[in-house]
Amino acid sequence: MIRYWAVVPAAGTGQRFGQEIAKQYLQIAGQAVMQHSLNRLCQALPLSACVVPISAEDRYAQQLTYDYPEQIRFVQGGAERMDSVLAGLLSLAGQAAVDDWVLVHDVARPCVTAECLQQLLQELSDDRVGGILAVPVRDTLKQVTQQQVISTVPRDGMWQAQTPQMFRYGCLVQALQDAVAAGVTVTDEASAMQWAGYTVQVVQGRSDNIKITYPEDLALAAAILAAQVIR
């Protein structure tokens, strides 16, 4: 029987956010961003476990309360996202089968809906590789150098990648290990899979599945979560 696992890398310090505390520990509606993200995954998905790679210096993650603490495991993450994801995957060695599914989710995406998560599982259920949530780009894209517009990038066929990104356990582990061995830095799991020669599917998500990256995103995420509760 195919099982589902989640890996939520949370070892980053959120330097772009410009705060002393990492963004995953800032509060929205009385809970840390991390709590919202993990609770949503565990509630909506039939997970065997949710692995959370954190920094060795992290003093917050394991002190928080979660709705499904029995599903959450903390492991030590790495310097880059790909290092943390690989650490989380390797912690499942001997438990996850090669054909099991792994969903890798940004800890700073607390607004992903249960409908999108379940749609991802349904649309990729028979795929041999996996795919990602994404949305078509709506705004005009500009290529900029030194704060000057160099060109306008056609947005036809351009999609904005989101998470979760869901792939078969064995394929993803091998792709990341090979990338590390080759000295290749990948920014997400889809990039690792493409680099390894796999075809990555796209499942259309929702534009409110935002990633908290800058301070103004926190208020936007709070408004989105409030609106989702009302619906």
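Conventions adopted
Residues numbered from 1 in each chain as written. Predicted model: local features only at pLDDT ≥ 70, side-chain atom pairs only at ≥ 80, totals over all residues. Heavy atoms only, no water. Helix = DSSP H or I, 4+ residues; strand = E, 2+ residues; numbered from the N terminus. Rg over C-alpha atoms; globule rule 2.2 N^0.38 Å. Buried < 20%, exposed > 50% of the residue type's maximum accessible area, 1.4 Å probe, protein only. Pairing = 2+ DSSP bridges. Axes fitted to C-alpha atoms, helices over the stretch in contact; angles between N-to-C directions. Expected span 1.5 Å × (residues − 1). Arc of directions from axis to C-beta. Contact = heavy atoms within 4.5 Å.

Let us look at the overall build of the protein. When its secondary structure is counted, the protein shows six helices and eleven strands. Expected size for 231 residues packed as a compact globule is a radius of gyration near 17 Å; at 17 Å, the protein falls within 12% of this value. For the C-alpha atoms alone, the extent of the protein along its principal axes is close to 50 × 45 × 35 Å. Burial statistics for the protein: of 231 residues in total, 48% are counted as buried.

This paragraph deals with the sheet that holds strand β10 (residues 159-168). If you walk across this open sheet you meet the seven strands as β5-β4-β1-β6-β10-β7-β11, and the pairing is mixed. Of all strands in the sheet, those with a lone pairing partner are β5 (72-76) and β11 (201-204), marking the two edges. Taken over all neighbouring pairs, the strand axes of this sheet differ in orientation by 30° on average, direction set aside. The pairing of strand β6 (residues 101-104) with β10 spans four bridges and is antiparallel. Counterpart to Val 104 in the pairing with β10 is Gln 165.

With 14 residues, helix α4 (residues 169-182) should cover 20 Å at 1.5 Å per step; its first-to-last C-alpha distance of 20 Å lies within 8% of that length. The set of residues buried in α4 consists of Tyr 169, Cys 171, Leu 172, Val 173, Ala 175, Leu 176 and Ala 179. Remark: Gly 183 follows α4 within two positions and exhibits a positive phi of approximately 75°.

This part is about unusual backbone geometry. The phi angle of most residues is negative, glycine excepted, and most peptide bonds adopt the trans form. Between Thr 163 and the following residue, Pro 164, the backbone shows a cis peptide bond with an omega angle of 10°. Positive phi is not limited to glycine here, since Ala 29 has a value of about 50°. The phi angle at Gln 147 is positive, at roughly 65°, despite the residue not being glycine. With respect to the secondary-structure elements, Gln 147 resides in the loop between β8 (141-145) and β9 (148-153).

We now examine helix α3 (residues 114-124). Within an α-helix, residues lying three or four positions from one another point in the same direction, as the helix has 3.6 residues per turn. Buried within α3 we find Cys 116, Leu 117, Leu 120, Leu 121 and Leu 124. All buried residues of α3 fall inside an arc of 140° around its axis, so they share one side. Of the residues in α3, the exposed ones pointing more than 90 degrees away from the buried face are Glu 115 and Gln 122. Next to the buried residues of α3 lie β1 (4-7), α1 (33-44), β6, β7 (130-136), β10 and β11.

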